[in-house]
Amino acid sequence: MIAAWYAIVSFMLIVYVALDGRNFGAGMLHWVVARTPEERRQVIAAIGPLWSWHEVWLVGFGGTLVAVFPRLLASAFAGYYLALFLILWCLILRGISIEVGGHINDRQWQGFWDFVFVVSNFLLAILFGAAAGNLVRGVPLDADGNFSMAFFTDFKPRGNVGLLDWYTVSMAIFTTVILAAHGATYLTLKTEGPVHGRSARWAKFLWAAAVPLFVVASIESWQVHPDLFRHAMHNPFCCLGLLIIFGSILGLASGLSRQREMLAFIGSNVLLVGLLVTGAAALFPVTLYSTLAPENSLTAYDVAASHSALVFASIWWPVGLALAITYFVFITRRYVGKVSINRDTQGFY
Amino acid sequence: MNSYLSNPAIWSRFQFGFTITYHYLFPQLTMGLAWFLVYWKWRALRTGDEQYNKAVRFWAKIFGLNFAVGVVTGMPMEFQFGTNWASFTRYAGGVIGQTLAMEGMFAFFLESAFVGALIWGEKRLGPRYHFLAALGVALGSWISGFFILVTNAFMQHPLGYRVEAHGALGIASPRDYLLNPWALVQFSHNQMAALVTGSFVVTAVGAFYTLRGLHRNQAQLYLRTGILVGLVASVLVAAPTGDQQAKMVGRHQPVTLAAMEGRFEGGSNAGVAMIGQPNVAARRLDNPIEFPGALSFLAYGNFGSYVHGLNEYPTNSWPDNVELLYYSFHVMITLGTIFIGLMAFANFQNWRGRLVSNTWLLWALMLAFPFPYLANTLGWMTAELGRQPWLIYGIFQTRDGYSKVVSNGDTIFTLIGFVFLYFVLGLLFLFLVGREIGHGPEGEVVTDARQLPEEITPELPEVIATQREEHFV
């Protein structure tokens with residue numbers, strides 16, 4: 001039961017990353033793939049109607065975490081206090097920049113909100129990347145399951161660590177590149193004209209850059225957390241994750257080289273899923289490693305809510321998921337195809 | 001260093017109180033306005049009258065701005081359960097997390113999947129799907145309200161739980177938890193209050209245009225729909241829902257009811273103070289003017305019933321700010337009464353055919369729209385201050401709930417950040433909404449001759465309207 005809930009909660013986070021990752025990526029590339037005000041409206045139109053639908057997966061993930069792993073949320077969120085509020089403020093600015101930019105047809109106004117949009121998406125990608133690095137590396141959990149962490153200490157990933165060290169920074173770079181590549185692949189699918197051409201070139205370049213970074217990130221993770229790899233060998237889900245990764249790379253590469261945009265985008269999504277499934281499976285059952293002492297680590301079994309709470313959640317969650325899939329089908333069917341700035345705008349001007 | 005302000009719980013309370021009060025300014029309008037959009041979209045489908053589509057297009061823009069600010073200011077609420085209230089989450093997460101998660105799965109997914117379609121997608125979707133989008137958004141926003149109120153009701157009047165391993169709470173009866181009578185009463189009361197806000201805003205815009213002689217047909221549509229819904233909702237917010245809510249408080253939180261009314265002495269035949277200033281130091285209500293027996297009747301259904309006074313309870317079980325609670329409650333009640341009177345009079349004048357010609361009334365309707373926001377906020381302050389000193393009434397105290405590892409400095413820093421960010425956000429919001437109202441419903445030209453020089457030919461007003469826009473930009 002607890003293992004199943006670990007999988008469900010991971011699933012919700014993975015869906016969030018795949019969905020909102022495209023918005024982070026599109027946002028980071030906003031300035032370089034779109035040069036004129038019209039082209040920039042095209043990028044906004046590609047993510048505009050759906051960003052809040054993507055963002056609520058994070059809310060759904062957070063709520064489910066409170067319900068089934070309350071002690072994990074309590075330890076992690078209090079420990080990451082300042083970093084989380086930075087993420088929140090970036091999410092606020094990102095959402096606002098998408099919504100209000102289109103309200104006034106004015107170059108200075110839109111230029112300002114484009115700036116906010118780009119910067120907040122960059123910071124979000126970096127912060128989420130550093131957060132992923134923190135999960136693999138661990139945090140200074142004490143015997144009571146609490147920690148409180150500075151932004152950085154001595155930049156070494158052992159002992160009394162900070163949010164940023166050489167390992168989490170390099171994970172942040174890797175994540176930023178991957179998400180930018182994901183966004184470029186999405187924009188290739190959704191746009192036409194010059195934006196399409198530039199996005200396609202960026203997608204190829206960034207995915208190519210991601211390959212050596214992936215190798216570096218894997219070696220670093222092995223250095224920082226050798227147990228994780230030994231542990232992963234015994235988990236069949238890790239092998240499944242690796243299979244997904246290899247399959248999706250084939251799809252992505254073939255899609256990119258043969259201009260099959262939908263195939264490339266699906267490959268890109270599945271690749272993110274594969275990476276995160278492998279990571280989540282390698283960590284299980286630990287949810288939060290302690291860099292101070294292994295016995296302080298919090299496993300899913302330590303942080304789970306009571307049995308009755310898990311049973312109740314098992315009843316309503318599948319219903320909620322079925323509904324979410326229905327909306328997903330509706331949205332996918334309604335929003336299929338390229339965006340057009342004459343049709344897919346808020347109609348404000 | 002033992003002052004009240006060095007207490008860590010107080011900063012987390014300030015931050016949560018500030019962020020949630022600010023956040024709730026936006027959902028209260030969207031929950032009310034959503035049903036106006038559904039109604040007009042439905043009328044447009046049925047009658048084919050473009051008038052209704054124009055109204056939807058106009059209000060969807062204002063709805064969209066509210067919704068966006070509501071979404072982004074709502075995210076911090078859920079996060080703060082972990083960041084600032086970690087001890088509370090450890091203790092009660094297995095229970096309250098259920099409804100927080102259900103809100104995400106059942107309400108937010110529905111709402112956010114369709115809100116983009118409602119605001120961005122009229123051309124892409126066509127009229128039928130556009131109506132469905134409006135309906136999905138309205139339902140989603142109310143379902144979201146329901147789950148939040150179930151969560152709050154558990155904190156006010158915990159039901160359906162049991163204490164399990166690690167001393168944390170688990171679910172004993174999902175049914176008792178989800179169908180908590182407190183939640184049902186509070187939900188009806190709160191949703192009616194949201195409709196009051198929505199209808200007052202719609203009415204105010206209609207009155208504003210009418211006074212300026214702009215967008216005549218649209219203005220009358222807003223006015224007539226607004227005052228009708230406004231009257232019905234204002235009445236329902238008082239009775240039965242508000243009345244039931246007060247009875248619920250009297251039954252389960254008698255000390256809270258005593259504080260809300262500023263009653264220190266218990267007694268039968270208790271009155272409701274129309275005017276009076278609570279004097280906590282002297283333990284009395286100064287200069288009271290009371291309706292004798294009214295409180296006994298309202299709380300227990302009998303003029304002679306005994307109503308408890310604060311003196312019967314130890315001071316450490318009193319809500320920790322009696323004065324704030326008293327004024328929140330009393331100002332809310334007074335405003336609610338004025339709302340009924342104003343809307344009843346507006347409907348009466350409309351029935352006599354004198355609504356649009358009554359300048360005084362239109363001014364009053366235009367200026368009235370901020371007051372439901374105040375009343376809603378004070379209502380929530382009554383509920384939340386009245387719950388103190390408990391975080392979960394009777395079983396878990398607020399002072400035990402905050403995150404032990406988060407320092408005062410961290411919370412003060414993020415509170416400053418929120419105050420500044422939300423201030424800027426508020427300016428931006430007001431600027432954009434003001435601008436949309438200035439533009440008016442799409443495609444209408446200036447109809448008031450007084451606004452234009454007389455020699456202008458009929459084609460010109462549109463040109464002038466666009467010139468004005470450009471000037472404004």
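Residues numbered from 1 in each chain as written. Chains lettered and ligands numbered in written order. Predicted model: local features only at pLDDT ≥ 70, side-chain atom pairs only at ≥ 80, totals over all residues. Heavy atoms only, no water.

## What about the overall build of chain A?
Step number 1: The helix and strand inventory of chain A stands at 13 helices and 2 strands.
Step number 2: Projected onto the principal axes, the alpha-carbon positions of chain A cover approximately 60 × 45 × 40 Å.
Step number 3: For chain A, with 349 residues in total, the buried portion stands at 62%.
Step number 4: Of the roughly 13,400 Å² that chain A leaves accessible, carbon and sulfur atoms contribute 72%.
Step number 5: Counting 21 positive and 18 negative side-chain charges, chain A places the averaged centre of each group 11 Å from the other. (Helix = DSSP H or I, 4+ residues; strand = E, 2+ residues; numbered from the N terminus. Buried < 20%, exposed > 50% of the residue type's maximum accessible area, 1.4 Å probe, protein only. Areas by Shrake-Rupley, 256 points an atom, 1.4 Å probe, with all protein chains shown as cover. Lys, Arg positive; Asp, Glu negative; His and termini not counted. Charge placed at Lys NZ, Arg CZ, Asp CG, Glu CD.)

## Structural notes on the side chain of E78 of chain B
Step number 1: By the element assignment, E78 of chain B lies in helix α3 (residues 50-83).
Step number 2: At 14 Å, R94 of chain A is the nearest oppositely charged side chain to E78 of chain B, a buried residue that forms no salt bridge.
Step number 3: Engagement of the side chain of E78 of chain B in a polar contact is seen with the backbone nitrogen of G63 of chain A, the distance being 3.1 Å.
Step number 4: Every residue in contact with E78 of chain B, bar those within four places of it in the chain, is listed here: L58, V59, G62 and G63 of chain A together with L100 of chain B. (Salt bridge = Lys/Arg side-chain N within 4 Å of Asp/Glu carboxyl O. Polar contact = N/O pair within 3.5 Å; in protein donor to acceptor, adjacent residues only side chain to side chain. Contact = heavy atoms within 4.5 Å.)

## A few points about the nonpolar core
Step number 1: Formed by 265 residues in total, the largest nonpolar core has its most connected members in F69 of chain A together with W59 of chain B.
Step number 2: Per-element accounting of this core gives the leading share, 21 residues, to helix α4 (residues 86-120) of chain B.
Step number 3: Once you skip the residues sitting within four places of it in the chain, F69 of chain A turns out to touch I2, W5, Y6, V9, T64, A300, V303 and A304 of chain A. (Core = buried A, V, L, I, M, F, W, Y, C linked by side-chain atoms within 4.5 Å.)

## As for the packing of aromatic side chains
All names here are of chain B.
Step number 1: Under the criterion given, the structure shown has 62 aromatic pairs over all chains.
Step number 2: Their ring planes at 50 degrees and their centres at 5.7 Å tell us that F36 and W40 sit as a pair that is tilted. Note that F36 and W40 are positioned in helix α2 (residues 27-47) at a spacing of 4 residues, about one turn of the helix. Both residues of the pair, F36 and W40, count as buried.
Step number 3: On the basis of an interplanar angle of 75 degrees and a centroid distance of 5.2 Å, the ring pair of F58 and W59 is categorised as edge-to-face. Here the two residues F58 and W59 agree in accessibility, since each one is buried. (Phe/Tyr/Trp six-rings, centres within 6.5 Å; stacked < 30°, edge-to-face > 60°.)

## Describing the packing of α3 of chain B against helix α8 (residues 216-252) of chain B
All names here are of chain B.
Step number 1: The N-to-C vectors of α3 and α8 enclose an angle of 75 degrees; their axes lie 10 Å apart at closest approach. With respect to their mutual orientation, α3 and α8 come out roughly perpendicular. Contacts between α3 and α8 involve Q51, Y52, K54, A55, F58 and W59 from the former and N217, Q218, L221 and Y222 from the latter.
Step number 2: Its residues placed into classes, the contact of α3 with α8 shows 6 nonpolar, 3 polar and 1 charged. (Axes fitted to C-alpha atoms, helices over the stretch in contact; angles between N-to-C directions. Parallel < 35°, antiparallel > 145°, perpendicular 65-115°, else oblique. Nonpolar A, V, L, I, M, F, W, Y, C, P; charged D, E, K, R; others polar.)

## What about the interface of chain B and chain A?
Step number 1: The interface of chain B with chain A comprises 73 residues on the first partner and 79 residues on the second.
Step number 2: For the pair chain B and chain A, the summed buried area comes to about 6,700 Å², and 74% of that belongs to carbon and sulfur atoms.
Step number 3: For the interface between chain B and chain A, the tally reads 0 salt bridges.
Step number 4: The interface formed by chain B and chain A includes 13 residue pairs in polar contact (both at pLDDT 80 or more).
Step number 5: Take the side of chain B that touches chain A: its biggest share by element is 24 residues, from α4 of chain B.
Step number 6: For the side of chain B that touches chain A, the class distribution of residues is 44 nonpolar, 19 polar and 10 charged. (Buried area = accessible area lost by both parts, 1.4 Å probe.)

## A short note on α4 of chain B
Step number 1: Between the first and last C-alpha of α4 of chain B there are merely 39 Å, a value that for 35 residues lags more than 12% behind the 51 Å anticipated at 1.5 Å per step.
Step number 2: When you tally the buried positions in α4 of chain B, you get 34 out of 35 residues, the bulk of the element. (Expected span 1.5 Å × (residues − 1).)

## With respect to the pattern of salt bridges
Working definition: two side chains of opposite charge can pair if their charged atoms are close together.
Step number 1: In total, this model carries 12 salt bridges over all chains according to the counting rule given.
Step number 2: For the salt bridge of E384 of chain B with R387 of chain B, the shortest nitrogen-to-oxygen distance reads 2.5 Å. Linking E384 of chain B with R387 of chain B, this pair stays in helix α13 (residues 370-387), spanning 3 residues, or about one helical turn.
Step number 3: Take R387 of chain B: its relative accessible area is 5%, and that puts it in the buried class.
Step number 4: Counted as one network, the salt bridges with shared partners bring together D20, E55 and R94 of chain A.

## Observations regarding the environment of M274 of chain B
Step number 1: Positionally, M274 of chain B belongs in strand β4 (residues 272-279).
Step number 2: Between the C-alpha atoms of M274 of chain B and T334 of chain B, which are 60 residues apart in sequence, the distance is 8.7 Å.

## Details of the packing of helix α1 (residues 2-33) of chain A against helix α2 (residues 37-47) of chain A
All names here are of chain A.
Step number 1: Two numbers describe how α1 lies on α2: the axes approach to 10 Å, and their chain directions differ by 175 degrees. Taken together, α1 and α2 sit at an angle that is classed as roughly antiparallel. Two secondary-structure elements touch here, α1 through N23, A26, H30, W31 and V33 and α2 through E39, R40, V43, I44 and I47.
Step number 2: Counted by class, the contact of α1 with α2 contains 6 nonpolar, 2 polar and 2 charged residues.

## Structural notes on a nonpolar patch on the surface
All names here are of chain A.
Step number 1: Side chains of L86, F151, F152, F155, V169 and I173 sit close together on the surface and give an oily, nonpolar patch of about 480 Å² of accessible area.
Step number 2: Here F155 shows up in the loop between α6 (107-137) and α7 (166-190).
Step number 3: By relative accessible area, which is 36% here, F155 ends up partly exposed. (Patch = residues over 30% accessible without salt bridge, like charges linked within 9 Å, V, L, I, M, F, W, Y side chains within 5 Å.)

## Focus: the environment of T241 of chain B
Residues and elements named next belong to chain B.
Step number 1: Looking at the element boundaries, T241 is found in helix α8.
Step number 2: By relative accessible area, which is 9% here, T241 ends up buried.
Step number 3: Between the C-alpha atom of T241 and that of F187, which follows or precedes it by 54 residues, the distance is 8.8 Å.
Step number 4: In this view, T241 contacts V185, S188, H189, M192 and L236; residues no more than four positions away in its chain are not counted.

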